[in-house]
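Overview (structure and organization)
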Amino acid sequence: MRAVLAWKETIREQCVYDLAFKPDGTQLIIAAGLRVLVYDAADGAIIQPLKGHKDIVYCVAYAKDGKRFASGSADKSIIIWTSKLEGILKYTHNDSIQCVAYNPVTHQLASCSSGDFGLWSPEQKSVNKHKVSSKITCCGWTNDGQYLALGMMNGVVSIRNKNGEEKVKIERPGGSSSPIWSIAWNPSKKSLVMMWRRLFTPKIILLCFHRDEHNDILAVADWGQKLSFYQLSGKQIGKDRTLTYDPCCVSYFSKGEYIVMGGSDKQASLYTKDGVRLGAIGEQNAWVWTCRVKPDSNFVVLGCQDGTIACYQLIFSTVHGLYKDRYAYRDSMTDVIVQHLITEQKVRIKCRELVKKIAIYRNRLAIQLPEKILIYELYSDDSSDMHYRIKEKICRKFECNLLVVCSQHIILCQEKRLQCLSFTSIREKEWVMESLIRYIKVIGGPPGREGLLVGLKNGAILKIFVDNPFPITLLKLSTSVRCLDMSASRNKLAVVDEHNTLLVYDINSKELLFQEPNANSVAWNTQCEDMLCFSGNGYLNIKASNFPVHQQKMQGFMVGYNGSKIFCLHVYSMSAVEVPQSAPMYQYLERKMFKEAYQIACLGVTDSDWRDLATEALEGLDFDTAKKAFIRIRDLRYLELINSIEERKKRGENDNELFLADVYAYQGKFHEAAKLYKRTGHESRALSMYTDLRMFEYAKEFVGATDPKSSRILMTKQADWAKSSKEPRAAAEMYLSAGEHLKAIDIIGELIDIARKLDKAEREPLAKCALHFKRLKHHGYASETYSKMGDLQALVQLHVETRHWEEAFSLVEKHPQFKNDVFVPYAQWLAENDRFEEAQKAFHKAGRQNEAVKVLEQLTHNAVVENRFNDAGYYYWMLSMQCLDIAREQRDEMLKKFERFQHLAELYHVYRSIQRYTDEPFSSHMPETLFNICRFLLNNLTKDIPPGISKVNTLYALAKQSQKLGAYKLARYSYEKLQELHIPSRFQESIELGSLTIRSKPFHDSESCYTAPAFLYGLNLCVFTVLPLVQFYLEEGISDEEAVSLIDLEVPHMDEREAHDSHALYEILTPHSAGPESLYNRACVSKQQGGSNFVPVKVSRSVLRSMSRRDVLIKRWPRPLKWEYFRSLLPDVSITMCPTCFKMFHSEDYELLVLQHSCCPYCRRPIDEPN
């Protein structure tokens, strides 16, 4: 411990009676003369003197919260000051004020005078005062603020509660002849508990930890020159400590580990918390009247009788010693703790005096105290033993800079001098160096003949043996030595100089091997000759041989290197850092230095590193190293391989390539192994390796196509393996490939024979047989087996998986409950194979209406985009029928969609002809047909035009055909309408020419031009001509079934009334009937004038009975639609109606198209499909 003067000030002709620090340590309050002085604690500069007292100020105290402080004076007054140095309150006692103290918790102020003491708090209007029997000289609150201790002139310590009531009274033996002059409570509860642990039994310690009372300890200094310690209960701790002076002040450090005392010896002294003196802080010219420790620091301020104020900084140096994995260090200035860095065991040696130096070597431990040196030894030779006992005591005072202990000697170093003393204090040797000794270390040796490594300031490095008076010079550097270490074999020397450069020398040749910058300490690995580590700039550096340095971050100094443990000193704590030796090990492996890599691995690497080392050594054919490494990881498989290779070596084999091939085969590097086998002429081994591993494809590649015999043998082996692995299908195929047809037949035949012999109740074996048939792709056998079991679900699944759809459909006809299981995967399969129309129908059959509609919508959209209007019409018709099916559940919405899709289907179907006429050079349609199509389209394109249908194309075709047919008015109208539209460039010239040409034509139509009323007759969708049909409706009360039955009846004999009705109906339904009042003529006129008064034709039962079945066409729509009835007005004209789409055609045209396409030209129903 050293005390360094930080600053010093003197107040002339004034005694410094008391001082106090602000809790944050920034200000110092001093009681001197009539004033209160405020100083800057950092540099001792005075901030402000405070006036207010009329007599000498004896005491000051600062509140714990730092908001106010108090001063007491001989003028009997107390002044409360704020932290801004303003006086805010003043109250008085009857006598001069001797001491003041603030409660650390409640900030209650205790002020003590010669005859009483008072308790004041900001919340109180008055001060509660209590009389005492003797003059109070000092006071202090406990840490929790519950109790106040008063030191008195009559040698009594009175402990009061917060209300001033006395709870404990401590009477000192000296009485009034030993007045109590200073008291202080230890501020650290933790340290107090530790003190109790040393002083009491474990049972009482446990009680102390669980009791609710306070654990405060009071230090009492009296003028009987005694220092004593008391518990709160008044029980004394230990014995009185005798002082050599009258103490005037006692002050604890913030954490309670040390005590500062000053008095009549004109200096301040540092003590442990147990009262052991550690040394002087600063000698003065007068009594030290007061002393205080700056909060949370090592600064101490003294106040003297002659007005001197001195601030000292206490510097506590680290006193420690290290030998391999044992580290000894000083604790609490008087104790030595020996720590085993590997096992983390610790033992504490209590010296009860200041520990000045520590040295440790093997089983010896030397501790230098102020007046003696203690030599300890271990109880046993056990490396983990931590029990030390005193071997010798050298009761002499020594002054030395460094202390070293050996087996039988201690070495004292004082500047340039080295002294070797025996444990009996006999000086045996002395060496005087030419320069100051900077570093000394024991490097081992026989007991009594150990060697020392010494580094001097002038750069000389010496080796000294304790039994040899002559030192040996090893090296002479140009710079001072900072740190030294010698390798385990004594062949290499590592030096860190004052420029932080690491230098490594060969001791024998004096050659510089390498150097590294940024080093502050260095150590060789005690278990490996070629490894050292050094620290510097926050990094730990590990160097193996002449490989590059491996770095990792580390705080502190590296002081030792033992195996994989690096001992690091950070501030005051030593720790063992486990450093994996992977990096240096891999550096050796890269250079194929397997034995050296093994030595590094023994220091400590992971299991994966051991495996890598073993593998590399094995591939490098260093079987000895590989064997030891595999033993480490207990890999018996590779150990068997190594043993077999060693046995073969003993028998005389020496082909390393063959050995390496075996190694590769064990490692799974089969291709490399096969190449080596082939190179060494052992192709059979490669072939056996592949076949044993069932790697038949690689074996075939290895054999090649030039050896068919070997290929057949391989195939047969592969088939045998497949058969033994219960893979009959694969085995059968391989037997067939290898020409072993009988074996293949046996495999398949065995299963079906077994399945046929089993009873149908034995479901589990039958199921296994069926499963094998499925794997073998024998659908017939599997189907037979499932049928025998009666497992219809599995049978359906089999048909679906094998795509035997016809069999699946026939099964669904018998068992409709499996409809979804068949049609849904069938539809998905059709969609995957781009058969979307069939997929839609399959979804429809499966009842998946949403999927069916979705497929149709996509097909329709694609057809329109691709200008496939015939397909678009067909798909819209299918969509309409789909909506009609769904209409049974959602009637109104679906019926609207049905009508809309039916309309779109007709439009796209007829527009196909227009598109072909405009886009293709030739047309198969007659002008009348195109003329009718255009009129039909334009009549239906009055509102929204569907996507893909061009009004320009329609008007253009109508204009051309009208001009050909002599309908000049309509042609002229079409050309005028075209001028209002955006015309494509390809039609521009033709339309302009047509517009000019039509102007030369008459303004009336040709006589040959005739337009039929297409609105009343049906439309032939083959050639788009008019059909002689008229629609009629049933009277109310007549059902569809009754109407059909009436029409199917033969016409019987009718009476006059019925005959009159029948004749009337004939007139109604015949366009040639005379008279303008016929319903047919009225219907025609109504339609031509807008049709607002159109009256439908309704028929009675008698009229139905008179009709011929061949003249009536019925559209038998499914529910919820009603049937529609049509009567042919020209019975000689043959008309055919498709039973699916209900579209009507001239029979000859229909039959011609059916012969061409084998289906309905509108709905594409196959002609052979039943209705």
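Parameters and conventions
- Residues numbered from 1 in each chain as written.
- Predicted model: local features only at pLDDT ≥ 70, side-chain atom pairs only at ≥ 80, totals over all residues.
- Heavy atoms only, no water.
- UniProt positions renumbered as here; feature names shortened; annotations may be inferred.
- Helix = DSSP H or I, 4+ residues; strand = E, 2+ residues; numbered from the N terminus.
- Buried < 20%, exposed > 50% of the residue type's maximum accessible area, 1.4 Å probe, protein only.
- Contact = heavy atoms within 4.5 Å.
- Areas by Shrake-Rupley, 256 points an atom, 1.4 Å probe, with all protein chains shown as cover.
- pLDDT = per-residue confidence, 0-100.
- Pairing = 2+ DSSP bridges.
- Axes fitted to C-alpha atoms, helices over the stretch in contact; angles between N-to-C directions.
- Core = buried A, V, L, I, M, F, W, Y, C linked by side-chain atoms within 4.5 Å.
- Parallel < 35°, antiparallel > 145°, perpendicular 65-115°, else oblique.
- Left-handed = near helix turned anticlockwise from the far one by under 90°.
- Nonpolar A, V, L, I, M, F, W, Y, C, P; charged D, E, K, R; others polar.
- Arc of directions from axis to C-beta.
- Phe/Tyr/Trp six-rings, centres within 6.5 Å; stacked < 30°, edge-to-face > 60°.
- Lys NZ or Arg CZ within 6 Å of the ring centre and 35° of its normal.
- Expected span 1.5 Å × (residues − 1).
- Salt bridge = Lys/Arg side-chain N within 4 Å of Asp/Glu carboxyl O.

The protein carries the name Intraflagellar transport protein 122 homolog in an unreviewed UniProt entry, which gives Lates calcarifer as its organism. Taken from UniProt, the Subcellular location (unreviewed entry) comment for the protein reads in full: "Cytoplasm, Cytoskeleton, Cilium basal body".

Things to note about the overall build of the protein
In terms of helices and strands, the protein carries 32 helices and 63 strands. Looking at the protein as a whole, 49% of its 1171 residues are labelled buried. Look at the contacts in the protein between residues 6 or more apart in sequence, and 44% of them connect residues 24 or more apart. Of the roughly 58,200 Å² that the protein leaves accessible, carbon and sulfur atoms contribute 48%.

A closer look at the confidence of the model for the protein
Taken over all residues, the pLDDT of the protein has a mean of 81, while the share at 70 or more is 77%. Contacts from residues 191-214, a stretch scored under 50 in pLDDT, to residues over four places away or in other chains number 34 contacts. Below a pLDDT of 50 lies the segment residues 1012-1017, which in the model reaches 16 contacts outside its immediate sequence neighbourhood of four places, other chains included.

What about the pairing of strand β5 (residues 46-50)?
Relative to β5, strand β4 (residues 35-40) is paired through four bridges, and the arrangement is antiparallel. Each residue of the ladder has a partner; that of Y39, found in β5, is I46. What sits between β4 and β5 in their antiparallel hairpin is a turn of five residues, with G44 showing a positive phi close to 80°.

A short note on the sheet that holds strand β53 (residues 557-562)
Strand order in this open sheet of three strands is β53-β54-β55, and the pairing throughout is antiparallel. A single partner strand is all that each edge strand has here, and the edge strands are β53 and β55 (573-578). The average undirected angle you get between the axes of adjacent strands in this sheet is 25°. Alignment of β53 against strand β54 (residues 565-570), held across five bridges, turns out to be antiparallel.

Some remarks on the nonpolar core
Counting residues in each nonpolar core, the largest one holds 67 residues, and the members touching the most others are W877, Y908, L937 and M1144. With 41 residues, the next largest nonpolar core counts A523, C568, F594 and I642 among its residues.

Digging into the packing of helix α5 (residues 607-619) against helix α6 (residues 623-633)
Orientation of α5 relative to α6, taken along the N-to-C sense of each, is 155°, at an axis distance of 8 Å. As judged from the angle between their axes, α5 and α6 are roughly antiparallel. The two elements α5 and α6 meet at a crossing, and its hand is left-handed. In this structure, α5 contributes D607, W610, R611, L613, A614, T615, A617 and L618 to the contact, and α6 contributes F623, T625, A626, A629, F630, R632 and I633. In terms of residue class, the contact of α5 with α6 is built from ten nonpolar, two polar and three charged.

Some points on the sheet that holds strand β1 (residues 2-10)
An order of β1-β28-β27-β26 is seen for the four strands of this open sheet, with the pairing classed as antiparallel. Either end of the sheet is taken by a strand with one partner, and the two such strands are β1 and β26 (288-293). Direction aside, the axes of adjacent strands within the sheet are offset by 20° on average. Direction of pairing for β1 relative to strand β28 (residues 308-315): antiparallel, over a ladder of eight bridges. The partner of K8 across the bridge, within β28, is A310.

Let's talk about helix α28 (residues 1040-1048)
Residues that lie three or four places apart on an α-helix share one face, since the helix turns once every 3.6 residues. Taken together, the buried positions of α28 are occupied by A1043, V1044, L1046 and I1047. Viewed along the axis of α28, the buried residues span an arc of 160°, placing them on a single side of the element. Those residues of α28 hidden inside the fold are in contact with β58 (1029-1034), α31 (1101-1106), β60 (1112-1115) and β61 (1124-1128).

Regarding the packing of aromatic side chains
Counted by the stated rule, this structure contains 27 aromatic pairs. A ring pair is formed by W181 and W289, whose centres lie 6.4 Å apart and whose planes are at 80°; its orientation type is edge-to-face. One end of the pair, W181, is in strand β18 (residues 180-185); the other, W289, is in strand β26, and 108 residues separate them in sequence. For the pair W181 and W289, a shared accessibility class is recorded, and that class is buried. For the pair F869 and Y908, a centre-to-centre distance of 6.0 Å together with 5° between the ring planes defines the contact as stacked. Of this pair, F869 sits in helix α22 (residues 869-886) while Y908 sits in helix α23 (residues 891-919); the two residues are 39 residues apart in sequence, bridging distant segments of the chain. The same class applies to F869 and to Y908, which are both buried. Cluster of aromatic residues (ring-pair linked, three or more members): Y17, Y58, W181, W223, W287 and W289. When the ring centre of F299 is taken as reference, the NZ or CZ atom of K294 above it lies at 5.4 Å. Positioned above the aromatic ring of Y379, the side-chain terminus of R389 is 4.9 Å from the ring centre.

Here we look at unusual backbone geometry
The bulk of non-glycine residues show a negative phi, and the bulk of peptide bonds are trans. The omega angle of the peptide bond from R1119 to P1120 is 10°, so this bond is cis rather than trans. The topology assignment puts P1120 in the loop between β60 and β61. Positive phi, close to 55°, is recorded for E415, a residue that is not glycine. Mapping E415 onto the fold places it in the loop between β38 (409-414) and β39 (417-422). In this structure, R634 is a non-glycine residue whose phi angle is positive, near 60°.

A closer look at the packing of α5 against helix α8 (residues 656-667)
One can describe the packing of α5 onto α8 by two numbers: an axis separation of 9 Å at closest approach and a directional angle of 150°. Taken together, the residues of α8 that come into contact with α5 (itself represented by T615, L618 and E619) are L660, V663, Y664 and Q667. The residue makeup of the contact of α5 with α8, split by class, is four nonpolar, two polar and one charged.

Notes on α5
Across its 13 residues, α5 extends 18 Å between first and last C-alpha, which sits within 8% of the 18 Å expected from 1.5 Å per residue. Three or more residues of α5 are buried, namely D609, W610, L613, A614, A617 and L618. The secondary structure elements touched by the buried residues of α5 are α3 (582-590), α4 (594-603), α6, α7 (636-650) and α8. Within two residues after α5, L621 carries a phi angle of roughly 65°, on the positive side.

Re the pairing of strand β29 (residues 320-323)
Relative to strand β30 (residues 326-331), β29 is paired through four bridges, and the arrangement is antiparallel. Residue pairing across strands places H320 opposite Y329, the latter belonging to β30. The turn linking β29 back onto β30 is made up of two residues, and K324 within it adopts a positive phi angle of 50°.

A short note on the pattern of salt bridges
Evaluation of the coordinates by the stated rule reveals 34 salt bridges. What you see here is one network of salt bridges that share partners, running through R172, D222 and D240.

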